[in-house]
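# An overview of the molecular structure
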Amino acid sequence: MKKPATQIVPVWRDFKDLQEWEALHQQRPEGDKHSALFEQVTEGIHNFPGGFVVTTAADAFFNWARKSSVWPVTFGLACCAIEMMATFASRFDVERLGMVPWASPRHSDLMIVSGTVNIKMAPMLKRIYDQMPDPKWAVSMGSCANSGGPFRHGYFVVKGVDRVIPVDVYVPGCPPPPESLLNGLLLLQDQIAHFRRTGRRAAPTPKVD
Amino acid sequence: MTADQAVTLIGERFPEAQVERGAPDRPGDPLVVSLRLDQWVPFAQVAKDALGCRFFAFSTAVDWKEQGLDVIARVDNLDDRVSVLMKTRLAAGASSCPSLAPVYRGADWMERECYDMFGIRFEGHPDLRRILLSDDWEGHPLLKSYAVDTPHPPYR
Amino acid sequence: MSAVPRHDSATSRVEVDYAGGERLTMNMGPQHPSAHGVFRAVLTLEGETVVGVDAVIGYLHRCHEKLAETLTYAQYPSIASKTDYVAAMTSEFAYVRAAETIGAIEVPKRAQYLRVIAAELQRVASHLLWLGTWCMDMGGALGGGATIFLYCIREREQILDLFESLVGARLLYGFYQVGGVRYDLPPGWVARCRETVDLIDQRIGEYERMLEDNPFFLARARGVGVISRELAEDVGVSGPLLRGSGVAFDLRRAAPYSSYEDFEFTVPVETEGDCFARYRVRMVEFRQSLAIVRQALDRLPEGPISSRPGLKSVAQIRIPKGETYARVEGARGEVGCYLIADGGPKPYRMKWRGASFSNLAVLPHILPGHKVADVVAIMGSVDPVFGEVDR
């Protein structure tokens, strides 16, 4: 019987518990998240004369699919959660943008950190973020998530969620009204439109007037 | 049970306790009773049984720096509108107080919070551990010696 | 004591002898779909029945009490609104009342009426959110629960529109100030408020009929989560939980503040103490709050809106030495502020008595004996807001 090919990523039964699994995922370098062969092929096509048409069209298509169906994980922490719920509800409906709020992080693309992160909650937040599959984005909603907000000087408050997870869009406000959050989500969609297939993002966010 | 009857009853059972009444034009003010530490739980039992103060509003502490810590609890008699604010002073440096949890079940969480914030150990509390802060937190934040913006790398 | 399967070779059946002594510890939260915020319940289960609960809170502890010692009386009210953020007006109310009581600061009559209007509209908005999220928890977000959630949010948005035109903010305001209120009614506000109140009154009737004709709702709410009167008082629960357990105590009636004695309203009381009783109490409170708003709009006096207008610096309000415990009837119960002032512009000590903290403390006493599915229904009817619990 042929020996099965060595797997790059160990499977669940190789681990004793969830903590070991998470530790491995945090140490994994960025590179092995994609197949090396696949990267070589797409680079080859891209560098072939005229081949960029294929890769950019494919990028545009996949990014359109990604941005039209961003599912946020329901991660309401504090007051901003109420405005986030209002954004998901009847008047400011985000479902028309394709965003279905989903409770399980394993099936979502986006984490909207709405509320103050404190030192007790930060490891939980990181754990939920780690459970989300790639590609994933994070929106920091409200001044508490941006920088600690009005509670910045408190002994138990994390000065901004970007000390815990990488953030793509910052939405200011206390709390940001649903219009602001919708603006932030639309900016996120513009960012996603520039997402490269290999996972490295285009550097500048498009200018908005 | 009127406020006058309550004051009389307290005077009979706890003669050394100081009772202050609120201003006459503010009938909702509580009777402020200052007690010794050993009278803390007996008074609470009397308040619950004899004064009818069965509603446990809150319990907290105040840090008076060199003069020590004050432990405060407020109980209300909802039917007769009589409220009692009990106070006791812990000596400077002391941080131990008898627990009201056997008398009022609401004191359970309130005293855990006092322990968390001030470091006061409540004797007789069924499960004294931190409630708001992380279990491995060092320090008791609401003491005046604790700075509000104490750093805690890497989060702040 | 483990369940050992036995294979009966004669009949080829596998029998499991469940002795019933196995206990499972299950963690609910701090992130879970039942949209109440960051709460962690470590449930000990025997099969499907809860036998023990360890309620872990503190995931939203934002150092309110320590920060209040560093902020002046003019700066803190807008931070106070972030404790009970679903009913922010009543949160600010407790703090400014405490400062005014110690400082013996008069509040003009018009300001008192405006405070009452804001507080009662806020109570309606808060109960709308409670109804929407509780029914969504029981019905499921993709099931029937989202129906009433979306309806209630639609009504709540009307009230938030009123607040936005009055204060400029939808959720967290800085409307209450020491000495009065910050803004006066803009032109046309009274007429719009009356229209909104009538609309909501009519829609509440529709929701009541919709829910009380629904056998699933009744099955999940009747007889579930009974809080006895004695337990309620002992733990210190207040608000609709206390009134649902038979205690006729409402601060607006028992210790009237801010001209509540001028208004006629009934205080609903139910005796069963279950989720349905608390639901009935809140539904009656809807109507009574709308009645109070109508009366206040009819009799709104003219006059100044603050006895300390035109603050030139944040440290301008100084409260003399004293201490007090000021409480208001918030949407969730007795919200209180125990304030010790020392003569300066900042308090010496501020203790926030959050209604939801005491309400939540009743959970370890009532959950054992219920099924896991009832935990969600009970949590919803207790209606905690974690800004108040953790402060």
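Since this is a predicted model, take the numbers as computed values, not measurements. (Residues numbered from 1 in each chain as written. Chains lettered and ligands numbered in written order. Predicted model: local features only at pLDDT ≥ 70, side-chain atom pairs only at ≥ 80, totals over all residues. Heavy atoms only, no water.)

Along its length, chain C carries 14 helices and ten strands. Its C-alpha atoms give chain C a radius of gyration of 23 Å, within 12% of the compact-globule value 21 Å for 391 residues. Projected onto its principal axes, the C-alpha coordinates of chain C cover approximately 90 × 45 × 35 Å. Evaluated residue by residue, chain C yields a buried proportion of 64% over its 391 residues. Of the contacts formed within chain C by residues at least 6 apart in sequence, a portion of 70% connects residues at least 24 apart. The average position of the 44 basic charges and that of the 48 acidic charges among the side chains of chain C differ by 5 Å. (Helix = DSSP H or I, 4+ residues; strand = E, 2+ residues; numbered from the N terminus. Rg over C-alpha atoms; globule rule 2.2 N^0.38 Å. Buried < 20%, exposed > 50% of the residue type's maximum accessible area, 1.4 Å probe, protein only. Contact = heavy atoms within 4.5 Å. Lys, Arg positive; Asp, Glu negative; His and termini not counted. Charge placed at Lys NZ, Arg CZ, Asp CG, Glu CD.)

Counting from both sides, the interface comprises 15 residues of chain B and, opposite them, 14 residues of chain A. Approximately 1200 Å² of surface area, both sides summed, lies buried where chain B meets chain A, with 61% of it carried by carbon and sulfur atoms. Of all residues in chain B, the largest losses of buried area upon contact with chain A belong to Val148, Tyr155 and Arg156 of chain B, amounting jointly to 53% of the total for that side. Our enumeration of links across chain B and chain A arrives at zero salt bridges. Here chain B and chain A share four residue pairs in polar contact (both at pLDDT 80 or more) between them. Among the residues making up the side of chain B that touches chain A, the classes are represented as ten nonpolar, three polar and two charged. (Buried area = accessible area lost by both parts, 1.4 Å probe. Salt bridge = Lys/Arg side-chain N within 4 Å of Asp/Glu carboxyl O. Polar contact = N/O pair within 3.5 Å; in protein donor to acceptor, adjacent residues only side chain to side chain. Nonpolar A, V, L, I, M, F, W, Y, C, P; charged D, E, K, R; others polar.)

This part covers the interface of chain C and chain B. Taken together, the 43 residues of chain C in the interface contact 43 residues of chain B. For the pairing of chain C and chain B, the buried interface totals around 3700 Å² over both sides, and the portion due to carbon and sulfur atoms is 56%. Interface area lost by chain C to chain B is led by Lys66, Asp234 and Tyr348 of chain C, which between them contribute 20%. Run the count over chain C and chain B and you get eleven salt bridges. With its nearest N and O atoms 3.9 Å apart, the salt bridge here joins Asp76 of chain B to Arg327 of chain C. Linking chain C with chain B are 18 residue pairs in polar contact (both at pLDDT 80 or more), by the criterion used here.

Below, the discussion takes up the side chain of Glu120 of chain C. Structurally, Glu120 of chain C can be placed in helix H4 (residues 109–166). At 2.5 Å, the side chain of Glu120 of chain C and the side chain of Tyr260 of chain C are in polar contact.

Attention now moves to the packing of aromatic side chains. In total, this model carries 30 aromatic pairs over all chains according to the counting rule given. Judged by centre distance (5.0 Å) and plane angle (70°), the ring pair of Phe217 of chain C and Tyr279 of chain C falls under edge-to-face. Residue Phe217 of chain C is located in helix H6 (residues 215–221), and its partner Tyr279 of chain C is located in helix H10 (residues 275–298); the two are separated by 62 residues in the primary sequence. Members of the aromatic cluster, joined through ring pairs, are Phe93, Tyr113, Phe175, Tyr176, Tyr257, Tyr260, Phe263 and Phe265 of chain C. Note that Lys48 of chain B overlies the ring of Tyr104 of chain B, its terminal NZ or CZ placed 5.3 Å from the centroid. Cation over ring: Arg282 of chain C sits above Trp130 of chain C, and NZ or CZ is 4.6 Å from the ring centre. (Phe/Tyr/Trp six-rings, centres within 6.5 Å; stacked < 30°, edge-to-face > 60°. Lys NZ or Arg CZ within 6 Å of the ring centre and 35° of its normal.)

Time to look at the packing of helix H4 (residues 79–88) of chain A against helix H7 (residues 178–193) of chain A. Residues and elements named next belong to chain A. Interaxial distance between H4 and H7 falls to 9 Å at its minimum, and their mutual angle equals 75°. Classed by the angle they form, the pair H4 and H7 counts as roughly perpendicular. Contacts from Glu83, Met84, Ala86 and Thr87 of H4 reach H7 at Pro178, Leu181 and Leu182. Taken together, the residues that form the contact of H4 with H7 break down as five nonpolar, one polar and one charged. (Axes fitted to C-alpha atoms, helices over the stretch in contact; angles between N-to-C directions. Parallel < 35°, antiparallel > 145°, perpendicular 65-115°, else oblique.)

The next thing to look at is the sheet that holds strand E3 (residues 55–63) of chain B. Residues and elements named next belong to chain B. Spatial ordering of the open sheet is given by E1-E2-E5-E4-E3, a layout of five strands whose pairing is mixed. Both outer strands of the open sheet, strand E1 (18–20) and E3, are each paired with one neighbouring strand and no more. Sheet twist, expressed as the average angle between the axes of neighbouring strands with direction ignored, equals 20°. Pairing analysis gives eight bridges linking E3 to strand E4 (residues 69–77), with the strands arranged antiparallel. Each bridged residue has a counterpart across the sheet, and for Phe58 the counterpart in E4 is Arg74. Sheet contacts for helix H2 (residues 40–49): strand E2 (31–35), E4 and strand E5 (82–90); angle to E5, the most-contacted strand, approximately 175°. The strands touched by helix H3 (residues 107–118) are E3 and E4; relative to E3, the strand with the most contacts, the crossing angle is about 10°. (Pairing = 2+ DSSP bridges.)

Bringing the pattern of salt bridges into the picture now. All names here are of chain B. Applying the stated rule across the entire model yields 49 salt bridges over all chains. A salt bridge links Asp70 to Arg89; its shortest N-O distance comes to 2.9 Å. One end of the pair, Asp70, is in strand E4; the other, Arg89, is in strand E5, and 19 residues separate them in sequence. A relative accessible area of 6% places Asp70 in the buried class.

Along the chain, Cys174 of chain A connects to Pro175 of chain A via a cis peptide bond; the corresponding omega equals -10°. The backbone of Asp383 of chain C sits at a positive phi, close to 55°, despite the residue not being glycine. As for its placement among the helices and strands, Asp383 of chain C is situated in the loop between helix H13 (372–382) and helix H14 (386–390). One non-glycine residue, Arg391 of chain C, adopts positive backbone phi at about 45°.

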